[in-house]
Each structure stands twice: as structure tokens, then as C-alpha cells.
Amino acid sequence: MIFPFYDNSYARLPSVFHASVAPTPVAAPRLVKLNAALARELGLDLDSLASPEGLEVLAGNRVPDLAEPIASAYAGHQFGYFNPELGDGRAILLGEIMTPAGERRDIQLKGSGMTPFSRRGDGRAALGPVLREYIVSEAMFALGVPTTRSLAAVTTGEWVYREGALPGGVLTRVAASHIRVGTFQYFAARSEIEALRLLTDHVIARHYPELAEAPHSPAALLAAVVERQAKLVAQWVLVGFIHGVMNTDNMTISGETIDYGPCAFMEAYDARTVFSSIDTQGRYAYANQASIAQWNLARLGECLTVLMGDGEETAGLIKAALSSFRDHFQSAYLGGLRRKLGLHEDRAEDGALVLDLFQRMTANKADFTLTFRKLCDAAQSEAADAQVASLFADPSSFAGFAEKWRARMASEGMAGEERARAMRQVNPAFIPRNHRIAAVIDAAETRDDFEPFHKLCAILERPYEDQPESAEFMLPATPEERVTRTFCGT
Ligand code: AMP
Ligand code: MG
């Protein structure tokens, strides 16, 4: 059996939650990549997945046994404006499996044809965004950031029409669930209180079972989601990730990163960095991500308030849950920065030390990832300082920080080698740099060449290891290579 669907719990929810719809077959599917490690983790049979029938399923040409394909309903605030009806317009949930570790996982096809939620869209995905989501989601997983996963990518043998004609693709996405802040908003906006209650119970049973007996469970759920999202966004910021479209429909309740559209990793450090071509106001800039997450969670809080009644007690509980974001975020972020700098003790003055480094990096356009990776060597031997300094437009700027940093390290007493080893586990050497992704997509689109894609995926599987044979993949884009804006390209 290709997918041992066993208990499609979301499909069993009432019909307001979703629409039954089968994927639309494509002309000439071809497998680009199957994620063997993920398939094993999910307990799937690799041979069946890689078989001709497996390919048919991954392309949406065959509905596998026991699947109950649905498109789910959701709403969402997009760039601050509420849209009461979004939903899966180009994604179809095939069903849910249980992993050998006893975890429930959604199996979803993205780009698999029209659904009742497609509005004016064609229900399809271009191959480029499929490859981008595959690369970045798997890179995030390898970096240790909670995320949806990519099980497979296929080409469809059909064109999709965007700015021009582009080859089509289908991604098989795996997630703990695809329930979003926007799913709650969908029912709250329609005053479907019973559905909202069912959704809340479903989410607690599925993602927060420890809250099953909690008093004021909607507020307890909010507090738990706030905690996961605060920690998630801290992890994004610590690896330089910019999501790009943090609309409420792109924020999961499970705490997984979802929907890799116009996302990118920051290169030269600048807290104001924006990538998305559609984010003209900089709403989703690098340093805005924590406050936007809070704003989105406040929208979730409004939905959950509906279940608890409008009293003062409810307002107090919801407010407390929302305001816990700041502490969770700050402690995850500062703790993470300390680890990135090789510091162990928690000291009040560390914030100022970090700020000093960031100011110097911003003024000198120092690459975020490389600076921290090279700091690992510098922690071990001062001789490596020159390598860090060379990343700064004015190399002498680094010395002012280095002196304070060394004094701070010395006050803790720990062998340099041990410190450097710990730092290398949190400061990646390899991230999915935008110009590399662009080159992969270009080779696939224009030459039908997937070698660069496979190579990039392989490098990004081991982001914390030095890979001298691929050293050029550590480097930021040259001015000619730089991709200044990434497009949704949906
Ligand atoms: P996203 O930008 O992927 O978060 O999508 C936002 C909304 O637009 C979701 O409801 C999607 O299902 C829908 N959407 C995006 N692209 C398409 C498409 N090509 N066809 C139909 N719906 C789409
Ligand atoms: Mg989305």
C-alpha cells in the first residue's frame, strides 16, 4: 500500500470544514525527487512510492486506497486585510497516516488542480515554487526548525501560465496538520460556534492533548500556541530566515513553519531586510516577524474569545496568554544568541554585546551566516579573527567587538575547542541561499536539468558540517548573482 491511511480525522469533521474533491490528473508525470529519509521516518514503503503506481499517486492521477481527498476551508488576514474565504485552492489533503513513532501526519498534494476554493486560480503550481518549497522546507528541518516536510516533487508535463508559460509541478507535503489561525477565523467570521468548538477540541486532542482537562481550555490552547509560535519565530530569526508572507492563513496551530512562497535567508545583516516582491510596505521584514506573529495570535485570541464568553475573566485570560509571547520569544532569542556566540552563563550585559555586534554587521554589510560560522573558529583561536574581519566592509570594525567578546568568554572559563564545537552545532555553514535556489530553478526550467537541485538538497542535509568540497555554497551572492526580490510565483 502506498499510503496506509488509517483514520482520516479531518475528513470526518462536518462538511462545513471541507469539500470533497479529487486531484485533477496531469498529462505526463515524472518523478523529480522522493525523500527516502522522510519516507522511512514515516514508515512508508519506498518501493511502492517509487513504483509507477506511486508516481501516479504523487502526481494526483490516481487516488490511493483509503484516501478521502478533501480541500479544507479557511479564511485569513492577508497583509492586514481580512478575507473570509480562502481555503485550499490548489492543495488537496489525501488523508492521515500514523508514523512508527505513533505520530499523526497529513499527506497533502500541492498543485493538484482546482477545488471549490480556487477562486480565480488554476489550482496548479509551477515547478519553480515546488522546488523552492522542497529545498527550503527540508533545509529548515535539517537546521532543526519545526516545519512541514516535503516527501516528493514531480513534474506534470503540463504548462502553467503565470507571467509566461512555466512547467508545472506537484509537491507532496507532510505536516502534523494543516490547521491554521485562518481556520479558526473562517468559523468565527461565520458565527459557526459549534464548528469552532469542534475545531478547538480537534486541535487540543491532536496537538495539545495535555490540555484536554484544562479549565478554560480555549485560553489554555491560545497560551500553548503562543509559546510554540514564539519559539518558532525565535528560531527563524536565529538562522536568518524571513518567511515573507506571514498572513494568518500561513500560520499553523501546530507550530510548524508552513508555505514557503517568497521566503529567503538574509545575507548581509540588516534587521529591515524584506524579500517578498508583494510586501511593498515591509510588513513582514526580518525584524518585524515577532510582532507580526503576535498580531496574528491576537486574531486567534479573538476567535477563541467567542467560545468563552465576553466577560472580564475571559479578557484577562486571553490577554495574559497573548502577552506571554514576549517572554517566550525573548528568552528563546537571547538564549539562542548566547549559544551562537559561545556563551553559557546568562548575564544581563549580553544584550548590549549582541547589539554592538549587530550594529557593526549592519554598517559593514557582514553576511549573517558566515560571520557566526567564522566566529566558531575565532572562539578557538584568535588567529581566525582575520577571517571574520574580512566579512566586514571595514575589517577593522570587527576588532572592537572581538575584544569585548573575548573578555566575556574568558570570564566563563571553558576550553576554546569545546566552545567552538558547541558553536558549530548552532551556527550553520550552509543555508539555502537565494541565488543558489534561483540557479537550481533555472536549470530545471530551461534545461530540464535536475542535477543542481539534487546537489543543493544533499549539501543542505548537513548544514552544520564543514563540507570543503562544496565551500562555494557557503558564500553569499556576488552583486551580479543577487536576487533582490522573491516572487510568490504561485
Ligand atoms: P498562499 O499564497 O500559497 O498562501 O495562498 C493564498 C491563497 O490563495 C490560498 O487560499 C491558496 O489556496 C490560494 N491560491 C494560491 N495560488 C492558487 C492557484 N494557483 N490556484 C488556486 N488557488 C490558489
Ligand atoms: Mg497559504
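Model, not experiment: these values are computed from the prediction.

Asks: Help me get a handle on the pairing of strand S9 (residues 149–161), residues and values and all.
Replies: Relative to S9, strand S2 (residues 30–34) runs antiparallel, the two sharing four bridges. Residue pairing across strands places Leu31 opposite Val154, the latter belonging to S9. Hairpin connection, S9 to strand S10 (residues 165–175): the antiparallel pair is bridged by three residues.

Asks: Please provide a residue-by-residue account of the coordination of the magnesium ion (ligand 2), values included.
Replies: Of the protein atoms, only Asn250 (OD1) and Asp259 (OD) coordinate the magnesium ion (ligand 2), at distances of 1.8 to 2.1 Å. Here the two residues Asn250 and Asp259 agree in accessibility, since each one is buried.

Asks: An account of the domain arrangement of the protein chain is requested, with residue identities and associated values reported.
Replies: With domains assigned, the protein chain is organised as domain 1 (10–178) and domain 2 (182–339). If you look at the interface, domain 1 gives 37 residues, while domain 2 gives 40 residues. Here domain 1 meets domain 2 over a buried area of about 3200 Å², counting both sides, of which 62% is carbon and sulfur. For the domain 1 face of the interface with domain 2, the top three residues by lost area are Phe17, His77 and Phe79, together amounting to 20%. For the interface between domain 1 and domain 2, the tally reads five salt bridges. On the surface where domain 1 and domain 2 come into contact, there are 15 residue pairs in polar contact (both at pLDDT 80 or more).

Asks: Talk me through the site of ligand 1; I want residue IDs and the actual numbers.
Replies: Around ligand 1, 18 residues are found, and the nearest of them are Gly87, Gly89, Arg90, Arg119 and Gly123. Gly87 is positioned with one of its backbone polar atoms (N or O) 2.7 Å from an oxygen atom of ligand 1. Gly89 has a polar backbone atom sitting 2.7 Å from an oxygen atom of ligand 1. Considered on its own, ligand 1 offers 480 Å² of accessible surface; in the complex 86% of this is hidden by protein. Partitioning the shell around ligand 1 into residue classes produces two nonpolar, eight polar and eight charged. Two domains each put at least three residues into the shell around ligand 1: domain 1 (10–178) and domain 2 (182–339).

Asks: Go over the packing of helix H5 (residues 127–143) against helix H16 (residues 434–447) with me, naming the residues and quoting the values.
Replies: Put simply, H5 and H16 touch, their axes get as near as 10 Å, and they point 135° apart. One element, H5, and the other, H16, form an angle in the oblique class. Note that H5 runs across H16; the crossing there is right-handed. Of the residues in H16, those touching H5 at Leu127, Gly128, Leu131, Arg132, Ile135 and Val136 are Asn434, Ile437, Val440, Ile441, Ala444 and Glu445. Its residues placed into classes, the contact of H5 with H16 shows eight nonpolar, two polar and two charged.

What counts and what doesn't
Each chain carries its own residue numbering, running from 1 in the direction its sequence is written. Labels are handed out in written order, letters beginning with A for the chains and numbers beginning with 1 for the ligands. With the structure being a predicted model, the display of local features is reserved for residues of pLDDT at least 70 and the display and counting of side-chain atom pairs for 80 or more, all residues being used for whole-chain, interface and lining totals. The side-chain numbers reported here are obtained from all heavy atoms of the structure, hydrogens and water having been left aside. Should DSSP find at least two bridges between two strands, the strands are taken to pair. Here a strand is any run of E in DSSP of at least two residues, a helix any run of H or I of at least four, and the numbering for each starts at the N terminus. A donor here means an N, O or S atom no more than 2.8 Å from the metal, or no more than 3.2 Å when the metal is Na, K or Ca. Since water is not included, a site may seem to lack partners. Note on classification: 1.4 Å probe, protein chains only; a residue is buried when its accessible area is under 20% of the maximum for its type, exposed when over 50%, partly exposed between these limits. An automatic or database domain assignment supplies the start and end points of every domain. Every residue pair with non-hydrogen atoms within 4.5 Å of one another is taken to be in contact. We define buried area as the total accessible area lost by two parts upon association, computed with a 1.4 Å probe and summed across both. A pairing counts as a salt bridge when a side-chain nitrogen of Lys or Arg comes within 4 Å of a carboxyl oxygen of Asp or Glu. Think of a polar contact as two N or O atoms within 3.5 Å of one another; within protein, one of them needs to be a possible hydrogen donor and the other a possible acceptor, and neighboring residues in sequence only count if both atoms come from side chains. In these notes, residues near a molecule or strand are those with any non-hydrogen atom within 4 Å of it. Values of accessible area rely on a 1.4 Å probe in the Shrake-Rupley scheme; residue burial ignores everything except the protein chains shown. Side-chain classes are defined by residue name, with Ala, Val, Leu, Ile, Met, Phe, Trp, Tyr, Cys and Pro counting as nonpolar, Asp, Glu, Lys and Arg as charged, and the others, Gly among them, as polar. Think of each axis as a best-fit line through the C-alpha atoms, taken over the contacting stretch in the case of a helix, with angles from 0 to 180 degrees between the N-to-C directions. Here is the rule for angles: anything less than 35 degrees is roughly parallel, anything more than 145 is roughly antiparallel, 65 through 115 is roughly perpendicular, and the remaining ranges are oblique. Here is the rule for handedness: rotate from the far helix to the near one, and if that takes an anticlockwise turn smaller than a right angle the crossing is left-handed, while a clockwise turn gives right-handed.

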